[in-house]
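Close look at the chain arrangement
Listed below, chain by chain, are the residues.
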Amino acid sequence: MHRIFFVVAILALTAFSQDTQTVKGLKEKVSVARDSYSRTYISAANEADLYFVQGYVTASDRLWQMDMLRRVARGETAELSGARTLEEDKRWRRLGFAKTVEGSIQFLDPALGAALESYAAGVNAYIASLNDQTLPVEFRILQYKPKEWKPSDSLIIGKILADALSSTWRQDLLKASLQSALPKQKFDELADVRHDQDVILFGKDVPMKNSAAAKAENRPVGRVSAVDDRLLVTAERVDKIREDSLARIGFYAEDLAASNNWVISGKRTADGKPILANDPHLAPNAPGIWYLSHLETPSMRVAGVTFPGVPGIVLGHNEHIAWGATNVGPDVQDLYLETVDADGKVRTPTGSEAAKVRTETINVRKSLLAPATEPVTIEVTETRNGPIIIEEGGKKYSLKWTAQDPQNNDFAAFFFLNRAKNWDEFKAALSTYRGATQNFVYADTKGNIGWHVAGAIPLRKTGDGSLPYVGATADGDWTGVVPFAELPNLYNPPSGFIMTANQRIAGTDYKYPQLTRDFATPWRARRLFDLLSADKKATPDSVGAAQFDSFNIPLANLSNEIVRAKAASDSTLSLLGSWDGKMSPDSRAALLANEIRGCLGNKIAEGSKPAPANVIRERILDRAIRERSPLWLPSEFNDYSALMKACDSESAAALEKRYGADRSAWIWGKVSAARLSHPLLSAPLIGGQFATPTEGLFGSGQTPNVASAVSMRLIATPGNWDSTRHSIPLGQSGDARSPHYKDQFEAYKTGNSLVYPFSREAVKSATVRTLVLNP
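Calculation criteria
- Residues numbered from 1 in each chain as written.
- Predicted model: local features only at pLDDT ≥ 70, side-chain atom pairs only at ≥ 80, totals over all residues.
- Heavy atoms only, no water.
- Helix = DSSP H or I, 4+ residues; strand = E, 2+ residues; numbered from the N terminus.
- Rg over C-alpha atoms; globule rule 2.2 N^0.38 Å.
- Buried < 20%, exposed > 50% of the residue type's maximum accessible area, 1.4 Å probe, protein only.
- Contact = heavy atoms within 4.5 Å.
- Lys, Arg positive; Asp, Glu negative; His and termini not counted.
- Charge placed at Lys NZ, Arg CZ, Asp CG, Glu CD.
- Axes fitted to C-alpha atoms, helices over the stretch in contact; angles between N-to-C directions.
- Parallel < 35°, antiparallel > 145°, perpendicular 65-115°, else oblique.
- Phe/Tyr/Trp six-rings, centres within 6.5 Å; stacked < 30°, edge-to-face > 60°.
- Left-handed = near helix turned anticlockwise from the far one by under 90°.
- Nonpolar A, V, L, I, M, F, W, Y, C, P; charged D, E, K, R; others polar.
- Salt bridge = Lys/Arg side-chain N within 4 Å of Asp/Glu carboxyl O.
- Pairing = 2+ DSSP bridges.
- Core = buried A, V, L, I, M, F, W, Y, C linked by side-chain atoms within 4.5 Å.
- Polar contact = N/O pair within 3.5 Å; in protein donor to acceptor, adjacent residues only side chain to side chain.
- Expected span 1.5 Å × (residues − 1).
- Disulfide = S-S within 2.5 Å.

**Brief notes about the overall build of the protein**
- Assigned secondary structure in the protein consists of 23 helices and 26 strands.
- Taking 2.2 N^0.38 as the reference for a compact globule, 775 residues should give roughly 28 Å; the C-alpha atoms of the protein span a radius of gyration of 26 Å, in line with that estimate.
- Among the 775 residues that make up the protein, the fraction classed as buried is 61%.
- A sequence separation of at least 24 residues applies to 73% of the contacts in the protein between residues at least 6 apart.
- Each charge class in the protein can be summarised by its mean position, and for the 91 positive and 88 negative side chains these summaries are 1 Å apart.

This is the structure:
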């Protein structure tokens, strides 16, 4: 009976049909409805057809983007871009993810494996339907054709996420450098993870000397306690290559800070139903990294976003639950200083052994005007700990990373989340998650809310992984992962809401310090906590306002300190004294305060080398200014007022040089503008067709709304799914000629996210065209 009703529902949708196609590979009829924003609603009688058509339809909108994603992670972009991206390809080849994902296939749940096969078949069916005239324009410009899509191509996209959200090895080198170079008091303050604006969800803070981190530090371990400055420079260069590669495809997250999410109990909402909100922060490109889709079979209905190239829904809701995610950023990487003998053998705890050497051949385009390539060969040395990724001054460091383990699957959990009906099934799905560690929030139609951290976080034989290990010892060996049941979590807490914003989520008493060492400063979390605490009758509108909020706590604090101390020119004092603290595109005060803050961070960092300016700015500056800390005051200044006055003068000069003498033109929108660049935008003569709006945006890196780094916004009310709001920055289509290439930008710019209908009746009402695919 259920199946008969479902077939009738599919036929009802086809009343809007404008097109019918026959596609080889289908078992039964499939309907693809699209609304006025070209968002897709796929209805199939079985899962094989569902994922086949999801692959087919996604490829019809985003094929070139999908090809670029797999090329980046496989280290194959130089075949298109030439020597310009060769170093990026070399980095990816060293990591060896192509081999990793091929090895992952054997460990997949059979149902997920079948879904990946069906999805790949659908992508390939679409590729087969194209000819030289109908290929997406990027293929024609670059004079090549897409290869066949494989299930491993979907899996390797997860490794891009891992690279964006869990690369922490540079912090190990930085800590070793700071520990040996800075006075103990300065190092201790930098290493103190506690902040007076913290929003802790699990456990409590204890003095650092009594923390789990201190206990781990006190154990005798074979670690590297000092590094050469030249190594830091080389590491920075390697990381810049990583940044360029990820930014080109819209996956770069500065300092791993990526996202806000929260859930509110019905006890604190106007209609008595819970609300879930999520806005991931990965600096988006054109087209954006998310693709909206609604999937339906007789046994499952689910809607939300996924990555082009990945079947199912990654973030969204089904008929029973909604879920969202933010990055946690624990230490899941370790560096090992390897000892290589003259004969090329590598020392291990049991003696010297031959390293594995694999040869990687990269095809490099000779000219951007023709597809001919020439091979470039590199050799990658792999030790028992992992590939050697950085060398300097004769020292070689290898990398061990959870993402390199074929058994650590990035997407299996989402396959099960799509089908979860309650908290227990939600947790069961998350227990299989092995991607970049996330804060998953939860809300269901029965009114429950929850939060659970999930991911594979390694346990070390000794220490906590905060410093590089000596590879010849066993001290840095991994002995397992943090048990899922011991990862931080909450279910229906008395507070009535749970919020994460990449802040430190667990107190210093938490027994696994590798979970609480690398995190975003608490400014976004504190602002959201204050807004949510004050909102006793939350609505989708008030939640949307919180997502779009642009009040900047650290800049407001700094402005108040400058005005109170009269530590600036009269014009600056007048401007900052009347500022509301909001990062509005037309705000002159926001731009000036931000410039002064940058100057202050740079000057303090100059006197505290090798501490990076961004670390000083985010971890030290606010407290140092408020407390007038003599420890951090640069020696050339008698007091902080003199420091602030100097930075006021220097900032004004810098802004004049940058924007001209007319101070009315010094506005925040000059810095905070939409930057949604297509990879071919800068190409001479032909790049202009891919242009996107460059308007000023509200927000900054320290506000809930992080401006151009917001990659999508979701607000869901379980039990009232037709009120779900879900928008992406530009549009569904990757075709710059399509009306749906950037038709969601206005909603993105203003924070008025679009309603995304879910019920069959609402979908039918929203449908403007339907494609019926027949076997």
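**Some details on the packing of helix 4 (residues 86-95) against helix 12 (residues 229-248)**
- Orientation of helix 4 relative to helix 12, taken along the N-to-C sense of each, is 100 degrees, at an axis distance of 9 Å. By the angle between their directions, the pair helix 4 and helix 12 is classed as roughly perpendicular. For the pair formed by helix 4 and helix 12, the contact residues are Glu87, Glu88, Arg91 and Trp92 on the first element and Val238, Ile241, Arg242, Asp244, Ser245, Leu246 and Arg248 on the second.

**A few points about the packing of aromatic side chains**
- Within the structure shown, the criterion is met by 24 aromatic pairs.
- With a centroid separation of 4.3 Å and an interplanar angle of 25 degrees, the aromatic rings of Trp290 and Phe307 are classed as stacked. Linking Trp290 in the loop between strand 5 (275-279) and strand 6 (291-297) with Phe307 in the loop between strand 7 (300-306) and strand 8 (315-318), this pair joins segments that are 17 residues apart in sequence.
- Since its relative accessible area comes to 3%, Trp290 is described here as buried.
- Taking the centre distance of 5.4 Å and the plane angle of 80 degrees together, the rings of Tyr433 and Phe440 count as edge-to-face.

**Considering the packing of helix 18 (residues 570-577) against helix 19 (residues 588-606)**
- At their nearest, the axes of helix 18 and helix 19 sit 9 Å apart, and the two run at 115 degrees to each other. Seen from above, helix 18 lies across helix 19 with left-handed handedness. For the pair helix 18 and helix 19, the contacting residues are Thr572, Leu575 and Leu576 in the first and Arg588, Ala589, Leu592, Ala593 and Ile596 in the second.
- Of the residues contributing to the contact of helix 18 with helix 19, the split by class is six nonpolar, one polar and one charged.

**So, the pattern of salt bridges**
- Counting across every chain of the model gives 56 salt bridges.
- Measuring nitrogen to oxygen at the nearest pair gives 4.0 Å for the salt bridge that ties Glu76 to Lys147. Pair noted here: Glu76 is in the loop between helix 2 (47-74) and helix 3 (78-81) and Lys147 is in the loop between helix 7 (137-142) and helix 8 (151-165), with a separation of 71 residues, a long-range link.
- The class for Lys147 is partly exposed, based on a relative accessible area of 43%.
- Here Asp622 makes a salt bridge to Arg626, at a shortest N to O gap of 2.8 Å.

**Observations regarding the environment of Gly507**
- Positionally, Gly507 belongs in the loop between strand 23 (497-500) and helix 15 (523-534).
- Spatially, the C-alpha atoms of Gly507 and Leu174 are 23 Å apart, while their sequence positions differ by 333 residues.
- Apart from the residues lying within four places of it in its own chain, the contact partners of Gly507 are Ile200, Phe202, Gly203, Lys204 and Asp205.

**Description of the sheet that holds strand 16 (residues 395-401)**
- If you walk across this open sheet you meet the four strands as 15-16-10-20, and the pairing is mixed. With one partner strand each, in any of the chains shown, strand 15 (388-392) and strand 20 (469-470) form the two edges of the open sheet.
- Bridging between strand 10 (residues 333-338) and strand 16 involves six bridges; their strand directions are antiparallel. Within the sheet, the bridge partner assigned to Gln333 lies in strand 16 and is Trp401.
- Strands strand 10, strand 15 and strand 16 of the sheet are contacted by helix 9 (residues 169-181), whose axis makes an angle of about 60 degrees with strand 10.

**Section: the nonpolar core**
- Grouped together as the largest cluster of nonpolar side chains are 168 residues, with contacts concentrated most on Phe251 and Phe307.
- Broken down by element, the residue count for this core peaks at 14 residues, all from helix 2.
- Not counting the four nearest positions on each side in its chain, Phe251 is found in contact with Leu69, Ile160, Leu161, Ala164, Leu246, Leu282, Ala283, Ile289 and Phe307.
- Leu178, Leu182, Ile620 and Tyr640 belong to the second largest nonpolar core, which has 44 residues in total.

**Examining unusual backbone geometry**
- For the bond from Ala286 to Pro287, the omega torsion is -5 degrees, close enough to zero to count as cis.
- Residue position: Pro287 is located in the loop between strand 5 and strand 6.
- For the bond running from Lys609 to Pro610, omega is 10 degrees, close enough to zero to count as cis.
- In this fold, Pro610 is placed in the loop between helix 19 and helix 20 (613-627).
- Despite not being glycine, Arg628 shows a phi value in the positive range, around 50 degrees.
- Phi is positive for Ala707, which is not a glycine, with a value near 60 degrees.

**Remarks on the side chain of Ser167**
- Looking at the element boundaries, Ser167 is found in the loop between helix 8 and helix 9.
- At a separation of 2.9 Å, a polar atom in the side chain of Ser167 contacts the main-chain carbonyl oxygen of Asp163.
- A polar contact is formed between the side chain of Ser167 and the side chain of Arg242, at a distance of 3.4 Å.

**A short note on helix 9**
- Across its 13 residues, helix 9 extends 19 Å between first and last C-alpha, which sits within 8% of the 18 Å expected from 1.5 Å per residue.
- Every buried residue of helix 9 is listed here: Trp169, Asp172, Leu173, Leu174, Lys175, Ala176, Ser177 and Leu178.

**Quick look at the state of the cysteines**
- Scanning the entire structure with this criterion turns up one disulfide.
- Sulfur-sulfur distance for the disulfide between Cys599 and Cys647 comes to 2.2 Å. Its S-S torsion of approximately -80 degrees makes the covalent link between Cys599 and Cys647 left-handed. Residue Cys599 is found in helix 19, and its partner Cys647 is found in helix 21 (residues 640-659); the two are separated by 48 residues along the sequence. Just as Cys599 is buried, Cys647 falls in that class too.

**Overview of the environment of Asp89**
- In this structure, Asp89 sits in helix 4.
- A relative accessible area of 1% means that Asp89 is categorised as buried.
- Considered as a pair, Asp89 and Ala73 are 16 residues apart in the sequence and their alpha carbons are 8.2 Å apart.
- Setting aside residues no more than four positions away along its own chain, Asp89 makes contact with Gly75, Glu76, Thr77, Ala78 and Ile362.

**Observations regarding the sheet that holds strand 25 (residues 725-727)**
- Taken in spatial order, the five strands make up an open sheet running 23-4-5-24-25, and their pairing is antiparallel. Looking at strand neighbours, the two that pair on one side only are strand 23 and strand 25, the edges of this open sheet. Neighbour to neighbour, the strand axes of the sheet diverge by 5 degrees on average, direction disregarded.
- Of the pairings in the sheet, the one linking strand 5 to strand 24 (residues 713-716) comprises three bridges and is antiparallel in character. Bridge assignment links Leu276 to a residue of strand 24, and that residue is Ala716.
- Relative to the sheet, helix 15 contacts strand 4 (260-264) and strand 23, its axis offset from that of strand 23 by approximately 160 degrees.

**So, the side chain of Asn124**
- Mapping Asn124 onto the fold places it in helix 6 (residues 110-128).
- Asn124 sits in the buried class, given a relative accessible area of 18%.
- Every residue in contact with Asn124, bar those within four places of it in the chain, is listed here: Glu148 and Trp149.

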